[in-house]
Amino acid sequence: MRAPRGARVRLPQLRLDELLEELQARLDAARGTRDRVHSLLEAVLSVGRELDLEQALRSIVEAAAVLVEAEYAALGVIGPDGTRLSEFLTVGMGEGQIARIGSYPEGHGILGELIRHPEPLRLPKLSAHAASYGFPPHHPPMNTFLGVPIRVRDQVFGNLYLTEKRGGAQFDEEDESVLSTLAVAAGVAIDNARLYEESRLRERWLRASAEITHSLMSGSDRGEVLGLIAERAREITSAALAVVAVPMEDTGTLMVELAIGQEAEAHRGHVVPADDHLIGRAFSSAAPVTDPDVSRHRDGATAASPQVSPAVPPEVPTNAAAGPRFTGMGPAVAVPIGSADGVRGVVLLVRAAGGTVFSEKETEPLQGFAAQAAVAMELADRRKDAEQIAVLQDRDRIARDLHDLAIQRLFATGMTLQSAGRFIQHTEASERVLRAVDDLDETIKIIRSTIFGLRSRDDGTPGGDLRARVVRAVGEAAPVLGFAPSVRMEGLLDTDVPKEIADHVVAVLSESLTNVARHAHADRVEVGLVTDGREVRLTVSDNGVGIPPGGHRSGLHNMSERARQLGGELELSGQEGAGGTVLTWRVPVGEGQGPV
């Protein structure tokens, strides 16, 4: 019996509809795969075009969120220690939400699991994993998770973290494959961005080196070249503060000669022991020293060793234990100026709080820069030696002329007056002539003493030429003060002032100028040193803020004690109508001088 005609038509029609639906589904899948591959290629190209590292990282995490349809995405950069995250970029959260959550994660829980085991990790529920660490308050709920490592050559640079696939779905193998492919492209892009940044950094160092070389060859003075070196190093390394410290002769300490940047005034003139934190350690070891957070320490003193070395003599101003803190600052590096054969000082660079730790790649060009600073100091010393030789030669010429010409003529004049005095009958006139002869004799003695002083050689040992030592002490203080003090000297300082007292004079002068630099905020200082053969008087006056009522400084006590031991005294007063402070230190130098 034949089936009805309508039944024969209906069965093939149903099967054809099923086939068409299946074909449509496969076409949609193929179209989806094509679109996803196209999106992946676009993401790879977009990431590869970025040469700025920070922007490249941002592009990577944004592309990852789009490709796997994740509501939240993050990229964590692994720090130098290989166990924590040093940077963390997020997508999907607003700034207000991030602020409520608090500090970024450091790499605990699931994030740390991916650091310890850098392999793709896909979880249907975050809290079910054994390494789950939980979320901080105000953190949005997250369940599904997909993480893959980013490798730059053979090193794991960081990890991509994706959570909450849109539509409530789970991350699948295809998501993992797409994200792993993006991670490979991200590694190449990060490597390119790093190489580009390094090439630009080298270019900046080369330009700065050329500028400093030109400054050296043009005859710029030592302070100007050191200032240029510190400024360029600060700019290139994005440091908030640059400091140059130099050793103080035979004291076991270093003094900050130059400071540029944040809180520079608080550090300028500061004295630190040569065996203490950062600056001292770099000086003693002749090798760079880094610190991830310098704000934990005072300049020149660690929390474990705040005291100054007992080897430091009392005349050296020591304020390491009470030095300025690096408030609001973080990573720091101290690089020695010179080599193990002879370290001339230390360059210290400090970044703002939250800045990146100084790496070896940054320290290497800094050492080259510090070598240029050593060259600047060497050239300055050579110029100073040449100038000193010229001065000594000129002094010899002046002494010779005074002896051969002036003294002989004065002596002849005295003889003539003495002979003429015999023919003068008037008593008063005869006495005046005799007084004139005595004055000429005294003048000849003064000139002879001056000749002796001119022909003396200052070899740098204690008790050498007091005039030259005073000039040198004032010159050393000029970079710290920011200006050159005026100097006035009178009397036979090189002959009438004993060596022991001369040492005290120089120590008191150095400490006085250091105190002015640190506390007075002055722009003018006058130094006076006078002797009449009976006492020596040192005066240091400034136009600064003066000493506050009840103010007490250990340095003033030391200077007062020095004067007392020598039978003298220390006086402090203000300048009439000008503000500031006048320090007068006087001790006897004649037969009646006090105990030394």
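Residues numbered from 1 in each chain as written. Predicted model: local features only at pLDDT ≥ 70, side-chain atom pairs only at ≥ 80, totals over all residues. Heavy atoms only, no water.

**Comments concerning the pattern of salt bridges**
Next up, step 1: Within the structure shown, the criterion is met by 19 salt bridges.
Next up, step 2: Here K165 ties to E69 by a salt bridge, and the two come within 3.8 Å at their closest N and O atoms. Of this pair, K165 sits in strand β5 (residues 155-165) while E69 sits in the loop between α2 (53-67) and β1 (70-78); the two residues are 96 residues apart in sequence, bridging distant segments of the chain.
Next up, step 3: Residue E69 is classed as partly exposed on the basis of its relative accessible area, which comes to 45%.
Next up, step 4: Between R122 and E176 there is a salt bridge whose closest N-O contact spans 3.1 Å. Here E176 lies in helix α5 (residues 173-217) and R122 lies in strand β3 (residues 121-123), a separation of 54 residues in the sequence.
Next up, step 5: Within this structure, E535, R537, E569, E571 and R586 form a network of salt bridges that share partners. (Salt bridge = Lys/Arg side-chain N within 4 Å of Asp/Glu carboxyl O. Helix = DSSP H or I, 4+ residues; strand = E, 2+ residues; numbered from the N terminus. Buried < 20%, exposed > 50% of the residue type's maximum accessible area, 1.4 Å probe, protein only.)

**Examining the sheet that holds strand β4 (residues 145-152)**
Strands pair in a sheet through their backbones, by hydrogen bonds, and they do so in one of two ways: parallel or antiparallel.
Next up, step 1: As summarised here, the arrangement of the five strands in space is β2-β1-β5-β4-β3, forming an open sheet in which the pairing is antiparallel. The two strands at the open ends of the sheet, each matched to only one other strand, are β2 (85-91) and β3. Here the average twist between neighbouring strands, direction ignored, is 15°.
Next up, step 2: Summarising the sheet, β1 and β2 pair through six bridges and their orientation is antiparallel. By the bridge assignment, L75 is partnered in β2 with L89.
Next up, step 3: Running at roughly 50° to β2, α2 makes contact with β1, β2, β4 and β5 of the sheet.
Next up, step 4: Together, β1, β2, β3, β4 and β5 form the strand contacts of helix α4 (residues 109-116), whose direction differs from that of β5 by roughly 140°. (Pairing = 2+ DSSP bridges. Axes fitted to C-alpha atoms, helices over the stretch in contact; angles between N-to-C directions. Contact = heavy atoms within 4.5 Å.)

**Structural notes on a negative patch on the surface**
Next up, step 1: A cluster of acidic side chains, namely D52, E54, E87 and E197, defines a negative patch on the protein surface.
Next up, step 2: With respect to the element layout, E197 can be found in helix α5. (Patch = residues over 30% accessible without salt bridge, like charges linked within 9 Å, V, L, I, M, F, W, Y side chains within 5 Å. Areas by Shrake-Rupley, 256 points an atom, 1.4 Å probe, with all protein chains shown as cover. Lys, Arg positive; Asp, Glu negative; His and termini not counted. Charge placed at Lys NZ, Arg CZ, Asp CG, Glu CD.)

**Some points on the nonpolar core**
Next up, step 1: Core analysis: the biggest nonpolar cluster contains 37 residues, and L466, L509, L513, V536 and W585 have the highest contact counts within it.
Next up, step 2: For this core, the elements supplying multiple residues, two or more each, are α11 (466-481), α13 (499-520), β13 (525-531), β14 (535-542), α14 (554-565) and β16 (581-588).
Next up, step 3: Looking at which element gives the most residues to this core, the answer is α13, with ten residues.
Next up, step 4: Those residues in contact with L466 that sit more than four places away from it in its chain are L493, D494, V497, A502, V505, V506 and L529.
Next up, step 5: The next biggest cluster of nonpolar side chains, apart from the first, holds 29 residues, and it includes L75, I150, F171 and A186. (Core = buried A, V, L, I, M, F, W, Y, C linked by side-chain atoms within 4.5 Å.)

**Observations concerning the packing of α11 against α13**
Next up, step 1: Two elements in contact, α11 and α13, have axes whose closest approach is 10 Å; the angle formed by their N-to-C orientations is 15°. Here α13 runs roughly parallel to α11, going by the angle between their axes. Crossing hand, α11 versus α13: right-handed. When α11 is examined against α13, the residues L466, R469, V470, A473, V474, A477, V480 and L481 are found in contact with a partner set consisting of A502, D503, V505, V506, L509, S510, L513, V516 and A517.
Next up, step 2: Per-class residue counts for the contact of α11 with α13 are 14 nonpolar, one polar and two charged. (Parallel < 35°, antiparallel > 145°, perpendicular 65-115°, else oblique. Left-handed = near helix turned anticlockwise from the far one by under 90°. Nonpolar A, V, L, I, M, F, W, Y, C, P; charged D, E, K, R; others polar.)

**Quick look at α11**
Next up, step 1: If you check α11, its first and last C-alpha atoms are 22 Å apart, about what 16 residues at 1.5 Å a residue would give, namely 22 Å.
Next up, step 2: Those residues of α11 not exposed but buried are L466, A468, R469, V470, A473, V474, A477, A478, V480 and L481.
Next up, step 3: Looking at the buried side of α11, the elements it contacts are β7 (253-261), β12 (486-490), α12 (493-496), α13 and β13.
Next up, step 4: Where α11 terminates, the next one or two residues include G482, which has phi positive at roughly 95°. (Expected span 1.5 Å × (residues − 1).)

**Details of the confidence of the model for the protein**
Next up, step 1: Residue-level pLDDT values for the protein average 75, and 75% of them are 70 or greater.
Next up, step 2: Note on residues 298-323: pLDDT under 50 across the span, and 59 contacts to partners over four residues away in sequence or across chains.
Next up, step 3: For the stretch residues 458-463, pLDDT sits under 50, and the model shows twelve contacts to residues farther than four places along the chain or on other chains. (pLDDT = per-residue confidence, 0-100.)

**A word on the sheet that holds β12**
Next up, step 1: Taken together, five strands build an open sheet; the order of strands is β12-β13-β14-β16-β15 and the sheet is mixed. At either margin of the open sheet sits one strand with a lone partner, and together these are β12 and β15 (569-573). Strand-to-strand twist of the sheet, defined as the mean angle between neighbouring strand axes without regard to direction, takes the value 10°.
Next up, step 2: Where β15 meets β16, five bridges bridge the pair, whose relative direction is antiparallel. The residue bridging E571 from the neighbouring strand is T584, located in β16.
Next up, step 3: Relative to β12, α11 is tilted by about 170°, and along the sheet it contacts β12 and β13.

**What about the environment of S560?**
Next up, step 1: Position of S560 among the secondary structure elements: in helix α14.
Next up, step 2: Judged by its relative accessible area of 32%, S560 falls in the partly exposed class.
Next up, step 3: C-alpha separation for the pair S560 and W585, spaced 25 residues apart in sequence, amounts to 8.0 Å.

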